[in-house]
Amino acid sequence: MLKKITLKDQYNHSQEAIIEYLKNGIKEGKRFFKSKYIARDLGMSPKEVGTNMKILSDECQDLRIEKWSYSKSTTWSVEHTA
């Protein structure tokens, strides 16, 4: 019997926190997120957020995460996958 994979099985604590942050932001109608604001709100460094966002952009099946632009901080475009 296959075990259902949960967030805790697949991602580290920082990645889990970022995913929940992004999903909550999407629910509020946001589509663009800056690394420095994610970091501020979650108590992480912008570099830690950027590193994990890159990993999540490749690994997270629930969200489409794309590096969008850079202006004093990386901006990410995030949306739910269909």
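To start, this report covers the structure provided alongside it. (Residues numbered from 1 in each chain as written. Predicted model: local features only at pLDDT ≥ 70, side-chain atom pairs only at ≥ 80, totals over all residues. Heavy atoms only, no water.)

The subject of this paragraph is the overall build of the protein chain. Tallying secondary structure elements over the protein chain gives four helices and three strands in all. Along the chain direction, N to C, the helices and strands of the protein chain fall in the order α-α-β-α-α-β-β. Within the span of the protein chain, comprising 82 residues, buried residues form 35% of the whole. Working note: accessible area of the protein chain is about 5700 Å², and carbon and sulfur atoms make up 51% of it. (Helix = DSSP H or I, 4+ residues; strand = E, 2+ residues; numbered from the N terminus. Buried < 20%, exposed > 50% of the residue type's maximum accessible area, 1.4 Å probe, protein only. Areas by Shrake-Rupley, 256 points an atom, 1.4 Å probe, with all protein chains shown as cover.)

Within soluble globular proteins, side chains that are nonpolar tend to cluster in buried spots. Judged by nonpolar contacts, the single largest core of 18 residues is most densely connected at I18, L22, I38, M53, L63, I65 and V78. Counting residues per element, the ones that place at least two in this core are helix 2 (13-27), helix 3 (35-42), helix 4 (46-59), strand 2 (63-70) and strand 3 (74-80). Considering every element that reaches this core, the biggest residue donor is helix 2, with five residues. When near neighbours in sequence (up to four residues on either side) are disregarded, I65 contacts L22, M53, L56, S57, W76, S77 and V78. (Core = buried A, V, L, I, M, F, W, Y, C linked by side-chain atoms within 4.5 Å. Contact = heavy atoms within 4.5 Å.)

Alignment of strand 2 against strand 3, held across seven bridges, turns out to be antiparallel. Counterpart to R64 in the pairing with strand 3 is E79. Between strand 2 and strand 3, which follow one another and run antiparallel, lie three residues, and K72 among them has a positive phi close to 70°. (Pairing = 2+ DSSP bridges.)

Looking now at the pattern of salt bridges. In total, this model carries six salt bridges according to the counting rule given. Across the salt bridge formed by R40 and D41, the nearest N and O atoms sit 3.0 Å from each other. Residue classification places R40 among the exposed residues on the basis of a relative accessible area of 56%. Exposure remark for D41: the relative accessible area of 42% places this residue in the partly exposed category. Across the pair K54 and D58 runs a salt bridge, and its minimum N-O distance is 3.4 Å. You can see K54 and its partner D58 sitting in helix 4, four residues apart, about one turn around the helix. (Salt bridge = Lys/Arg side-chain N within 4 Å of Asp/Glu carboxyl O.)

Structural measurements only, silent on function.
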